[in-house]
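# Chain and residue survey
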Amino acid sequence: MHRRLCVRSILSALAVFSLARPVAAQLKPLTLDAIYHPDTRVDFSGTTPSLQWLNDREYAWPRTSGGRTEWLKVDAASGRTQPLFDQGRLEAALRKLPGVSAEEAKRLASASSSVFNTAKTAILLTIAADLYYYELGAESVERLTWSPAEEEEASFSPDGRLVAFVRDNNLYLIDLPAKAGSHVRERAVTTDGSPTILNGKLDWVYQEEIYGRGNYRGYWWSPDSSSIAMLRLDEADVPSFTVVDHVPYHLDLEQYPYPKAGDPNPRVKLAVASVAGGLPRWIDMSRYATDFLIVNVGWTPDSRQVVFNVQNREQTWLDLNLADARPGESRRVLRSTTKAWVERPEEAPTWLADGTFLWTSESSGWMHLYRYRPDGTLVKQITTGAWEMRTLHGIDEKNGWIYFAATERSPIGLDVYRIRLDGSGMQRLTSASGTHRADFNPGFSHFIDAWSDVSTPPQLRLHRADGQEVRVIEPNAVPALAEYRLGKPEFLQVKARDGFVMEAMMIKPPDFDPTRRYPVYQHTYGGPHAPQVRNAWGGTAYLFHQLLAQKGIIVWIVDNRTASGKGAESVWPVYRRFGESELRDIEDGIAWLKQQPYVDGSRIGINGWSYGGFLVSYALTHSKSFVMGIAGGSVTDWRDYDTIYTERYMDLPQNNPEGYKTTAPRTAAANLHGRLLLLHGTMDDNVHLQNTMQFVHELQKAGKSFELMVYPKSRHGITDPHLVHHLRSTMLAFIEKTLLTGAGGAGKAGGAGRESWLPPLGGRERHGASAAGREGG
């Protein structure tokens, strides 16, 4: 009986095995084309809609299909939808306009980029460089401007009665018509705009390093719509930089002001203008020297005072100021300092009914939330601990809750929390580990949670304010992920030589054999506050790493302390010395790797873009740990990068000449060790191609061999799908050539390796912290 049972068990196991084999065989190998082919690539990320709360019960959903957008109004709790407005009526109204074709009317009526008023009852449209106004449901579209010049940064006032915009670097206001066909009154708030004087519009360095990449708006409405605050930037002393498009027969040249470290910054002023008329009133800045930055602007809830932050050029302190809207007199409320520099807060203060306000600070070494009286005296520190408060979502003062996002549970994730106004009763509202990004409704009764983890693309859920799930808005199931052979990412912690705990992630080959020795590909960014080890969906960059693992390469990502997101105290060691602390930590990670029996320590490569490209260039000229490196969009001399970012961390070149010299890879080109591939977009307006050319020049003078690939018409990120495919093909061929070919691929521990197949080289988002979406990571 026992023998019969054993035989039966064996036969059952064989049957199960025989059934399982076809299933396993159906798993597809990843290919470069599956990830990046411009026409046939697989959708591995799915889609999640961009939703906007309309009120406490409903949100707007721009449902896009086939390049057309249908605007829907959705009942949040039930998911029932109805049109937000009659787009057919808008299309009919647009067809009545002179010069607007039926096709253009359809395109404009179904655009996803319309500018709505706060109440979502009217929109602004741009047609042939002029502004038009449409009240939803109306029979006609009203023309607002009649100028050959372009209107930029247009917006509605909070009450929806006015529109502001910038034309020829002057700020304008328009009183919207009370009824269709009535007179439109336009007036200029400023008149001195010129190529070097910008009113209400930001220049390159202010949008890139202060107010957010792509945000050029330099004006702010008061809550009651009675006034508007604006910045004035004077670029007269700022050197210009030229970016060249080499593709046309006659070169296209772009020139724009770009202050490199040590150069003059734009001179900045702050003014307030009444919408009723009159000249702008300039805020008194006489307490400051001429070289200062205005890094945040807002209003008090009663619209009586402008709130703004000022920093010295080196950013070693930050002042919070209040100025009366009418007289223009200002006073300092408080000054923030740290052991090194002060990061600007993302938002203006959040005000409570009693006049106190909430404010973030890194003065303790970690970003936390504080409550202050109007005179700047501290009431209480609200959040505390060895974790970071990342985003203040807002206050439900009626029920006594503050809502925010933080890393309290995990430094590689993000959760949603709430805490009482007195700092008690903190609650985590999100349960699944990973990264949660919340969008609360106006009354803070519900929030939409966008969640993902390292192996799951983003999903949307509706939650009550206490965290209870109401419904799944978008499950975003991606069946393709289950059809391919993917390795399982492992999160690890590795100690640096001084005991600092570094977060790391490893992707092993799907058929990993612990008796073999594998080459290692390390991806890095390494810049301040820019972690790459994240329990969040990584898009195509993550799939590229899976492709490498499938080819027999271990993918390794470790966050050096200054990039870790573990508080300002972990970043301060980089002050005035880029590269040194980062490389020490990276080499400590390499030392840990070399202790693992399955790692071939003689075949370790490193890749990075932007700051990561700098770090790769620095590593290959200051270390012998890497057999190869891929450096994309690299800073190779910090004198080449912009003032505000660089001087925050490195001080001025005049004050730190030795620091600038020793951190520049170009000055150490003669020490290059390992094979190097340089990549750059020729029209990079952020980290200029000049950086790579300077490095190339020094490498050539030193007699060093390297490989170079440039991408015409490309900026700091490579976005053209055909060029992205070529970029990744180039990277893959170089990786296989340097980590697999010749060295024998993944060999048995202590034994000879196996030969690897090398395909022919074929055609194919602070300072660029992530390459997801803009290829290069």
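The structure reproduced in this document is the subject of the present report. (Residues numbered from 1 in each chain as written. Predicted model: local features only at pLDDT ≥ 70, side-chain atom pairs only at ≥ 80, totals over all residues. Heavy atoms only, no water.)

To continue, consider the overall build of the protein. Helix and strand counts for the protein come out as twelve helices and 44 strands. In terms of overall dimensions, the protein is globule-like: its C-alpha atoms have a radius of gyration of 28 Å, near the 28 Å expected for 777 residues. Projecting the C-alpha coordinates of the protein onto the three principal axes gives extents of approximately 90 × 70 × 65 Å. Going through the 777 residues of the protein one by one, you find that 56% of them count as buried. If you average the places of the 86 positive and of the 89 negative side-chain charges in the protein, the two averages end up 6 Å apart. (Helix = DSSP H or I, 4+ residues; strand = E, 2+ residues; numbered from the N terminus. Rg over C-alpha atoms; globule rule 2.2 N^0.38 Å. Buried < 20%, exposed > 50% of the residue type's maximum accessible area, 1.4 Å probe, protein only. Lys, Arg positive; Asp, Glu negative; His and termini not counted. Charge placed at Lys NZ, Arg CZ, Asp CG, Glu CD.)

A word on helix 12 (residues 721–740). Taking 1.5 Å of rise per residue, the 20 residues of helix 12 would be expected to cover 28 Å, and the 27 Å separating its terminal C-alpha atoms lies within 8% of that figure. Counted residue by residue, helix 12 has 16 buried out of 20 residues, so it is predominantly covered. (Expected span 1.5 Å × (residues − 1).)

Taking 1.5 Å per residue as the helical rise, helix 7 (residues 580–594) with its 15 residues ought to reach 21 Å, and the 21 Å between its terminal C-alpha atoms agrees with that figure. Those residues of helix 7 lying buried are Ser 581, Glu 582, Leu 583, Asp 585, Ile 586, Asp 588, Gly 589, Ile 590 and Leu 593. Summarising the contacts, the buried residues of helix 7 are in contact with strand 36 (489–495), strand 37 (501–507), strand 38 (516–524), strand 39 (554–558), strand 40 (599–609) and helix 8 (611–622). (Contact = heavy atoms within 4.5 Å.)

This part is about the pairing of strand 10 (residues 162–167). When you tally the buried positions in strand 10, you get six out of six residues, the bulk of the element. Neither face of strand 10 is left uncovered, since the one carrying Leu 162, Ala 164 and Val 166 and the one carrying Val 163, Phe 165 and Arg 167 both have all their residues buried. Here four bridges tie strand 9 (residues 151–156) to strand 10, and the two strands are oriented antiparallel to one another. Bridge pairing in strand 10 links Glu 152 to Val 166. In this antiparallel pair of consecutive strands, strand 9 and strand 10, the connection spans five residues, and Gly 160 shows a positive phi of 75°. When strand 10 meets strand 11 (residues 170–175), the two strands line up antiparallel, connected through six bridges. Paired with Arg 167 across the bridge in strand 11 is Asn 170. Counting the residues that bridge the hairpin from strand 10 to strand 11 gives two residues, and of these Asp 168 lies at a positive phi of roughly 50°. (Pairing = 2+ DSSP bridges.)

Under the criterion given, the structure shown has 40 salt bridges. Glu 139 serves as the salt-bridge partner of Arg 89, at 3.7 Å between the closest nitrogen and oxygen. A residue pair is termed long-range when its members are at least 10 positions apart, and Arg 89 in helix 3 (residues 87–95) and Glu 139 in the loop between strand 7 (130–135) and strand 8 (142–143) qualify at 50 residues. The shortest N-O distance in the salt bridge between Glu 91 and Arg 95 comes to 3.3 Å. Of the two residues, Glu 91 and Arg 95 both sit in helix 3, four residues apart, roughly one turn of that helix. Taken together, the shared-partner salt bridges in this structure form one network comprising Glu 151, Arg 167 and Glu 186. (Salt bridge = Lys/Arg side-chain N within 4 Å of Asp/Glu carboxyl O.)

Another aspect to go through is the packing of helix 6 (residues 539–550) against helix 12. Taken N-terminus to C-terminus, the directions of helix 6 and helix 12 make an angle of 30°; their axes are 12 Å apart at the nearest point. Regarding the angle of helix 6 to helix 12, the classification is roughly parallel. The crossing of helix 6 and helix 12 is right-handed. Where helix 6 abuts helix 12, its residues Ala 541, Phe 544, Leu 547 and Leu 548 lie against Arg 728, Met 731, Leu 732 and Ile 735. (Axes fitted to C-alpha atoms, helices over the stretch in contact; angles between N-to-C directions. Parallel < 35°, antiparallel > 145°, perpendicular 65-115°, else oblique. Left-handed = near helix turned anticlockwise from the far one by under 90°.)

Once that is clear, we can look at unusual backbone geometry. Phi is positive for Gln 315, which is not a glycine, with a value near 60°. For Gln 315, the position within the fold is in the loop between strand 21 (305–312) and strand 22 (317–324). A positive phi angle, near 65°, is found at Asp 651, a position not held by glycine. Structurally, Asp 651 can be placed in the loop between helix 9 (643–650) and helix 10 (657–663). For Asp 651, a relative accessible area of 11% puts it in the buried group.

Locating Gly 717 in the fold gives a position in the loop between strand 43 (707–711) and helix 12. The class of Gly 717 is buried, set by a relative accessible area of 9%.

In this structure, Tyr 206, Leu 231, Leu 270, Ile 294 and Val 297 are the most contacted members of the largest nonpolar core, which totals 100 residues. The element best represented in this core is helix 8, accounting for seven residues. With residues near it in sequence (within four places) discarded, Val 297 still touches Tyr 211, Trp 220, Ala 229, Leu 231, Leu 270, Val 306, Val 307 and Phe 308. In terms of nonpolar packing, the next biggest core, distinct from the first, is built from 41 residues, Phe 44, Ile 507, Tyr 521 and Leu 727 among them. (Core = buried A, V, L, I, M, F, W, Y, C linked by side-chain atoms within 4.5 Å.)

Spatially, 9-10-11-12 is the arrangement adopted by the four strands of the open sheet, whose pairing is antiparallel. At either end of the open sheet lies a strand with only one pairing partner, and these are strand 9 and strand 12 (185–188). Ignoring which end each strand starts from, the neighbouring axes of this sheet average 20° apart.

Running from amino to carboxyl end, helix 7 crosses helix 8 at an angle of 75°, the nearest separation of the two axes being 10 Å. Judged on the interaxial angle alone, helix 8 and helix 7 are roughly perpendicular. Mapping the contact onto sequence places Glu 580, Glu 582, Leu 583 and Ile 586 in helix 7 and Tyr 611, Leu 615, Tyr 618, Ala 619 and His 622 in helix 8. Partitioning the contact of helix 7 with helix 8 into residue classes produces six nonpolar, one polar and two charged. (Nonpolar A, V, L, I, M, F, W, Y, C, P; charged D, E, K, R; others polar.)

The final tally for this structure, using the stated rule, is 42 aromatic pairs. When the ring of Phe 578 is compared with that of Phe 614, the centres are 6.3 Å apart and the planes differ by 55°; the resulting orientation is tilted. One end of the pair, Phe 578, is in the loop between strand 39 and helix 7; the other, Phe 614, is in helix 8, with 36 residues separating them in the sequence. In this structure, Phe 578 and Phe 614 share a single accessibility class: buried. Arranged with centres 5.9 Å apart and planes meeting at 45°, the rings of Phe 614 and Tyr 618 form a pair that is tilted. Of this pair, Phe 614 and Tyr 618 both sit in helix 8, four residues apart, roughly one helical turn. Just as Phe 614 is buried, Tyr 618 falls in that class too. Three or more aromatic residues joined by ring pairs form one cluster here, namely Trp 341, Tyr 525, Tyr 575, Phe 578, Tyr 611, Phe 614, Tyr 618, Trp 638, Tyr 641, Tyr 645 and Tyr 649. Lying over the aromatic face of Tyr 172, Arg 167 brings its terminal NZ or CZ to 4.6 Å of the ring centre. One Lys or Arg, Arg 418, reaches over the ring of Trp 401 and ends 4.0 Å from the middle of that ring. (Phe/Tyr/Trp six-rings, centres within 6.5 Å; stacked < 30°, edge-to-face > 60°. Lys NZ or Arg CZ within 6 Å of the ring centre and 35° of its normal.)

It is worth spelling out the environment of Asp 439 at this point. Residue placement: Asp 439 occurs in strand 32 (residues 435–440). On a C-alpha basis, the gap between Asp 439 and Gln 52 in space is 8.5 Å, while along the polypeptide they are 387 residues apart. Contacts of Asp 439, omitting those with residues within four sequence positions, involve Leu 51, Trp 53, His 446, Phe 447 and Ile 448.

What the four strands build is an open sheet, ordered 1-2-3-4; its pairing is antiparallel. Here the strands that pair on one side only, and so sit at the sheet edges, are strand 1 (52–53) and strand 4 (81–83). Of the pairings in the sheet, the one linking strand 1 to strand 2 (residues 58–65) comprises two bridges and is antiparallel in character. Its bridge partner lying in strand 2, Trp 53 is registered against Tyr 59.

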